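Structural features, examined
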Amino acid sequence: MIGAVLKIALRALARNKGRSALTMLGIIIGVASVIAMVSLGQGAQKQVQQQIESMGTNMLIISAGSQRTGGVRSGAGTSTTLTPEDLDAILRDAPAVTALSPSVNVPVTLVFGNGNWSTRGEGVAPTYPSIRNWTVASGEFFTETDVRTAARVAVIGQTVASQLFGGGEPLGQTIRLRNLPFRVVGVLGAKGQSQFGQDQDDTVFIPYTTAMKKLLSTQYVPTAYASAASTQATFEAESQINDILRQRHSIRDGQENDFTVRNLTDLANSAEQTTRIMTMLLGSIAGVSLLVGGIGIMNIMLVSVTERTREIGIRMAVGAKSKHVRTQFLLESLVLGLAGGLIGIATGVGLSALTSSVFGWPATISPTAVFSSAVFSMAIGVFFGYYPARKAAALDPIEALRFE
Amino acid sequence: MNKVIDVRDLHKVYDSGEVRVHALKGVSLSIEEGEFVAIMGTSGSGKSTLMNILGCLDRPTSGLYLLDGIDVSELNKDDRADIRNSKIGFVFQGFNLLRRTSAIENVELPLLYAGVNAADRVARSRYALSLVGLAHREDSYPNQLSGGQQQRVAIARALVNSPSLVLADEPTGNLDSRTSVEVMSVFQRLNREAGITIVLVTHEADIAQYAQRVVVVRDGLIMKDQRIVNRRDAAEELEVEAL
């Protein structure tokens, strides 16, 4: 029976192809825009995630300072409270910390041949690339031995390599850094711009011991980067570092820290939340158009019921019950909704592929969005078809037969 | 003889708030199986109201209506749909075929709502179409058929469910006189050969002459109920005309 009624419904739609297509258009546009918006939104979310990850995964930043000297608080990293020994202690006593590297910034001018290039020098440990997601494109990063001996070796970023060596081979060359000769042992992989628009490749890494002893003559570390095993572990690591440093610096309860520990997970979380809210916002705006499409279905179905009053009368006269008439019209709107939904999904997937290729935005087709819009468009068909269907079923056969 | 229609003291009042129209004021009528009865009356006589009630499209305000021995005067909308489906075949003035639907599919319609399976639907519809001489036109659409042919498709649709009663409401109203005779010959043949009970509602006295008995309704009452003398024979008239 339902099969026969479905056939009637399909035939009625096929008879009015143009109108059926126009009715579906509303749903098509609605579903397509939901899918495109959600896909682009999720793509953006992924990109932000990747950007944050490029800064370093599960990373913590330990800065010396914020020490109060006679009421004047100096900026973080400026005071002399963090020593290499502190860091060794953290690495030894904080189980949540998997890697740790000091970061000693030295502005330098590099000289090679008769060219020179001013850049950001950074004294770090061999674990630094793993903490901050650096790769080594050619050569090698310097080693623990280089750190221990405060060797004059350098690993340069892509920008430095191209500025100083042009097309030439930097590996094994000797460059002068603050008038000291350094041997280039590695070239870093490209990382591009940071979130804040800084060229991350414009940098040179040297052993932190070299930076401290030979360039700055200091025994203090301004900043260190630590990483934890997982996102969850960053919070444990944070408190362990706090405990160890407070103990080593003999800070009593109630007294302020003379160091700062920042957890990048917070930053990642808030950025992710922002893009998720954006996605939801875009999706719900598109959802409004889906709703409008549903109202379009209702509109057309109401017109259709009025137009086909006589047909309904004939069907009732030969024995169609209310449920038969109701089912017929409900199926019509259900099919309109579903067909519109399926075409909309195809359009939406195509649209997000197109925009992502034209504008270079990443787009992630979300199976959830696809599935839920298919279900939702069916639901819209039923929901907005119900009122017209009920109206049709409630017709009086005598009146309906008399309808011209 | 079995009474197909047994109506006792039927009243119908249309109450539209301010105006009360007493359309039927106590109609009693019985029609036996195999009869061919014409119901006549001018517009406003209550003829249409009576037909709607006899066709189970409407309910009487009071009174009893037994159709095939079943009391149908109190049935609700869906139950009346069931009764119409199984016991009554309708033929209307305007043919009332579904547009853009083939002849055989139009004929199948009552079977569809009776829940008959597809193969039986087709077989029975073909048979019904053959009874009205349109077996060769089953795939034609109403707009490809003449008025007389369309009305014969409608008759086939009325017959397909083997109803107890065929109710024809002004079946010749939209047809020219020759086609009218053709359609009446179909009714007479079905009545004579298959013993089908036919109630013909008309306002044309000469069309009523094809029935066996005429019931005249006026002002909501039956004025006259008599056998037809000098009954017309449609098949004979067609033959004469052909000569």
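A few points on the structure. On a predicted model such as this, the values are computed, not experimentally measured, just so you know.

Below, the discussion takes up the overall build of chain A. Scanning chain A from N- to C-terminus turns up 13 helices and 12 strands. A compact globule built from 404 residues would reach a C-alpha radius of gyration of about 22 Å, whereas chain A, at 34 Å, exceeds it by more than 25%. Counting only C-alpha atoms and orienting by the principal axes, one finds that chain A spans roughly 105 × 60 × 35 Å. Across the 404 residues in chain A, those meeting the buried criterion constitute 45%. For chain A, long-range pairs separated by at least 24 residues make up 81% of all intrachain contacts whose partners lie at least 6 apart in sequence.

With that out of the way, let us pick up the environment of Thr-145 of chain A. Secondary-structure assignment places Thr-145 of chain A in helix H5 (residues 144–148). A C-alpha to C-alpha distance of 83 Å links Thr-145 of chain A and Arg-326 of chain A, two positions 181 residues apart in sequence.

Listed per partner, the contact involves 17 residues of chain A and 20 residues of chain B. Of all the secondary structure elements, the ones that give two or more residues to the side of chain A that touches chain B are helix H1 (2–15), helix H10 (309–317), helix H11 (322–359) and helix H13 (397–402) of chain A. Of the residues forming the side of chain A that touches chain B, the biggest block, five residues, is contributed by H10 of chain A. Tallied by class, residues from the side of chain A that touches chain B come to 10 nonpolar, three polar and four charged.

Residues and elements named next belong to chain A. Inspection of the secondary structure puts Gly-313 in helix H10. The exposure class of Gly-313 is buried, given the 23 C-beta atoms found within 10 Å. Remark: the alpha-carbon pair of Gly-313 and Arg-402, spanning 89 residues in sequence, is separated by 8.3 Å.

It is worth spelling out the sheet that holds strand S10 (residues 221–227) of chain B at this point. Residues and elements named next belong to chain B. The strand order across the open sheet formed by six strands is S6-S7-S8-S3-S9-S10, and the pairing between neighbours is mixed. The two strands at the open ends of the sheet, each matched to only one other strand, are strand S6 (88–91) and S10. For this sheet the average axis-to-axis angle between neighbouring strands, irrespective of direction, equals 20°. In terms of strand pairing, strand S7 (residues 165–169) meets strand S8 (residues 198–202) through four bridges, oriented parallel. Opposite Asp-169, over in S8, you have Val-201 as the bridge partner. With respect to the sheet, helix H5 (residues 147–159) is in contact with S6 and S7, its orientation differing from that of S6 by roughly 170°.

Another point: the pairing of strand S9 (residues 213–218) of chain B. A regular strand places its side chains so that they alternate between the two faces of the sheet. Residues and elements named next belong to chain B. Pairing of strand S3 (residues 36–40) with S9 involves four bridges; the strand directions are parallel. Residue pairing across strands places Val-37 opposite Arg-213, the latter belonging to S9. Here six bridges tie S9 to S10, and the two strands are oriented antiparallel to one another. Each bridged residue has a counterpart across the sheet, and for Arg-218 the counterpart in S10 is Leu-221.

What counts and how
- Residues numbered from 1 in each chain as written.
- Chains lettered and ligands numbered in written order.
- Predicted model: local features only at pLDDT ≥ 70, side-chain atom pairs only at ≥ 80, totals over all residues.
- Helix = DSSP H or I, 4+ residues; strand = E, 2+ residues; numbered from the N terminus.
- Rg over C-alpha atoms; globule rule 2.2 N^0.38 Å.
- Buried ≥ 20, exposed ≤ 12 C-beta atoms within 10 Å, placed from the backbone.
- Contact = placed C-beta atoms within 7 Å.
- Nonpolar A, V, L, I, M, F, W, Y, C, P; charged D, E, K, R; others polar.
- Pairing = 2+ DSSP bridges.
- Axes fitted to C-alpha atoms, helices over the stretch in contact; angles between N-to-C directions.

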